[in-house]
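Chain by chain, the residues:
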Amino acid sequence: MAIEILQNCSLFASLDNKNIESILSLTDYGITTYTRDQIISTEGEVCDKIGIVLEGNIEVKKIYPLGKSITVAKLQPNDIFGEVILFSNMKDYPSTIVSCDSSKVLYITKKDIIYIMEHYPIIMSNLLNVLSTKILTLNKKLRNLSYENMRQKIADFLLSEYKKHNSVYLELKISRKEMAELLGVTRPSLSRELALMKSHNIIDYHKSTIKINNLQLLEDCLF
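Residues numbered from 1 in each chain as written. Predicted model: local features only at pLDDT ≥ 70, side-chain atom pairs only at ≥ 80, totals over all residues. Heavy atoms only, no water.

## Section: the overall build of the protein
Part 1 of the argument: When helices and strands are counted, the protein shows eight helices and eleven strands.
Part 2 of the argument: For the protein, the proportion of its 223 residues judged to be buried stands at 38%.
Part 3 of the argument: Summed over all atoms, the accessible surface of the protein reaches about 12800 Å², with 54% contributed by carbon and sulfur.
Part 4 of the argument: Charged side chains of the protein number 27 positive and 26 negative; the gap between the two group centres comes to 6 Å. (Helix = DSSP H or I, 4+ residues; strand = E, 2+ residues; numbered from the N terminus. Buried < 20%, exposed > 50% of the residue type's maximum accessible area, 1.4 Å probe, protein only. Areas by Shrake-Rupley, 256 points an atom, 1.4 Å probe, with all protein chains shown as cover. Lys, Arg positive; Asp, Glu negative; His and termini not counted. Charge placed at Lys NZ, Arg CZ, Asp CG, Glu CD.)

## Some thoughts on the UniProt feature "domain: Cyclic nucleotide-binding" (unreviewed entry) in the protein
Part 1 of the argument: Under the feature "domain: Cyclic nucleotide-binding" (unreviewed entry), the UniProt entry names residues 11–117.
Part 2 of the argument: Secondary structure across residues 11–117 comprises 20% helix and 38% strand; the distance between its end C-alpha atoms is 11 Å. (UniProt positions renumbered as here; feature names shortened; annotations may be inferred.)

## Topic: the side chain of serine 41
Part 1 of the argument: Here serine 41 is to be found in strand β2 (residues 39–41).
Part 2 of the argument: Its relative accessible area of 5% is what places serine 41 among the buried residues.
Part 3 of the argument: Among residues more than four places away in sequence, those in contact with serine 41 are Tyr93, Ser95, Thr96 and Ile97. (Contact = heavy atoms within 4.5 Å.)

## Details of the nonpolar core
Among soluble globular proteins, nonpolar side chains are generally buried collectively.
Part 1 of the argument: The biggest cluster of nonpolar side chains holds 35 residues, and the ones touching the most others in it are Leu6, Leu11, Phe12, Ile52, Phe81, Ile113 and Ile123.
Part 2 of the argument: Secondary-structure elements contributing two or more residues to this core are α1 (17–25), β3 (49–55), β4 (58–63), β6 (80–81), α2 (83–86), β8 (103–109), α3 (110–119) and α4 (121–146).
Part 3 of the argument: Leaving out residues up to four positions away in the same chain, isoleucine 52 has contacts with Leu6, Cys9, Leu11, Phe12, Asn78, Asp79, Ile80, Lys104, Val105 and Leu106.
Part 4 of the argument: Counting 22 residues, the second-largest nonpolar core is a separate cluster that includes Ala180, Leu183, Ile203 and Leu218. (Core = buried A, V, L, I, M, F, W, Y, C linked by side-chain atoms within 4.5 Å.)

## Examining the pairing of β3
Part 1 of the argument: Counting buried positions along β3 yields five of seven residues, so the element is predominantly enclosed.
Part 2 of the argument: The pairing of β3 with β8 spans six bridges and is antiparallel. Considered in β8, the bridge of glycine 51 is made with tyrosine 107.
Part 3 of the argument: Direction of pairing for β3 relative to β6: antiparallel, over a ladder of two bridges. The residue bridging isoleucine 52 from the neighbouring strand is isoleucine 80, located in β6. (Pairing = 2+ DSSP bridges.)

## Thoughts on the packing of helix α6 (residues 176–183) against helix α7 (residues 187–199)
If you want to describe how two helices pack, look at the angle between their axes and the distance between the axes.
Part 1 of the argument: For the pair α6 and α7, interaxial distance at closest approach is 9 Å and the crossing angle is 100 degrees. Classed by the angle they form, the pair α6 and α7 counts as roughly perpendicular. In this structure, α6 contributes Arg176, Lys177, Met179, Ala180 and Leu183 to the contact, and α7 contributes Arg187, Leu190 and Leu194.
Part 2 of the argument: Its residues placed into classes, the contact of α6 with α7 shows five nonpolar, no polar and three charged. (Axes fitted to C-alpha atoms, helices over the stretch in contact; angles between N-to-C directions. Parallel < 35°, antiparallel > 145°, perpendicular 65-115°, else oblique. Nonpolar A, V, L, I, M, F, W, Y, C, P; charged D, E, K, R; others polar.)

## Details of the sheet that holds β8
Part 1 of the argument: With antiparallel pairing, four strands are arranged side by side in an open sheet as β1-β8-β3-β6. Only two strands of the sheet have a single partner each, and these edge strands are β1 (30–34) and β6.
Part 2 of the argument: Note: β1 against β8, five bridges, orientation antiparallel. Bridged to threonine 33 within β8 is lysine 104.
Part 3 of the argument: On top of the sheet, α3 reaches β3 and β8; it is set at about 65 degrees to β8, its chief contact.

## Here we look at the sheet that holds β4
Through backbone hydrogen bonds, the strands of a sheet pair up, either in parallel or in antiparallel fashion.
Part 1 of the argument: With antiparallel pairing, four strands are arranged side by side in an open sheet as β2-β7-β4-β5. Taken across any chain shown, the strands that pair with only one partner, and hence form the sheet edges, are β2 and β5 (69–75). Sheet twist, expressed as the mean angle between neighbouring strand axes with direction ignored, is 35 degrees.

## Digging into the side chain of threonine 96
Part 1 of the argument: Along the chain, threonine 96 falls in strand β7 (residues 96–99).
Part 2 of the argument: A distance of 3.3 Å separates a polar side-chain atom of threonine 96 from the backbone nitrogen of glutamate 43.
Part 3 of the argument: With residues up to four places along the chain from it excluded, the contact list for threonine 96 reads Ile39, Ser41, Thr42, Glu43, Glu59, Val60, Lys61 and Ile63. (Polar contact = N/O pair within 3.5 Å; in protein donor to acceptor, adjacent residues only side chain to side chain.)

## Quick word on α6
Think of an α-helix as turning once every 3.6 residues; residues three or four places apart then point the same way.
Part 1 of the argument: If you check which residues of α6 are buried, you get Arg176, Met179, Ala180 and Leu183. Mapping the buried residues of α6 onto a view down its axis gives an arc of 100 degrees, with all of them on the same face. (Arc of directions from axis to C-beta.)

Written as structure tokens, this is what we have:
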């Protein structure tokens, strides 16, 4: 395993290769390789360790009885999963985790995580930061669900991107399908609403770029 990969992982933030190597030596970590479309964990399975993606791409999916599924999250190298469940009263995975392509995941048990936090307080600080960030992200999703119509959801998303980049030109890094899943709407409905907002001169768009034509009109969509 290349220790350098973990330098960009939020759990090991501010630590150099030597420190990361020392920390891992205190644990009985394991690395598992998965193939394309292989299930990593199923909904309801007991979570007893943290997973760190080393290679490949992974999706967290909510799979319904008739086979339909919604992608809840996409994980890339250095992303973490399982940490929220591991330190909560809920012991089971609430969703199914699937390997999108050939991937590798490093696992550290709860017992080892607690042990290294005792010896390296920075790991505790980093983990708290990870958990806090996920809570804020969840709050954002809950706020989105509170909106009464699709235009409000789209406006809130675009205004958040505007604040993040301080530009009316938004180069989105997600597809229309991913955007629809993020907002909890269907892709055709999203496309229709974006077209309506364009016809009202609120926005303009081409492929992955969206331009906010009128910031005031976009804000007014929320009220």
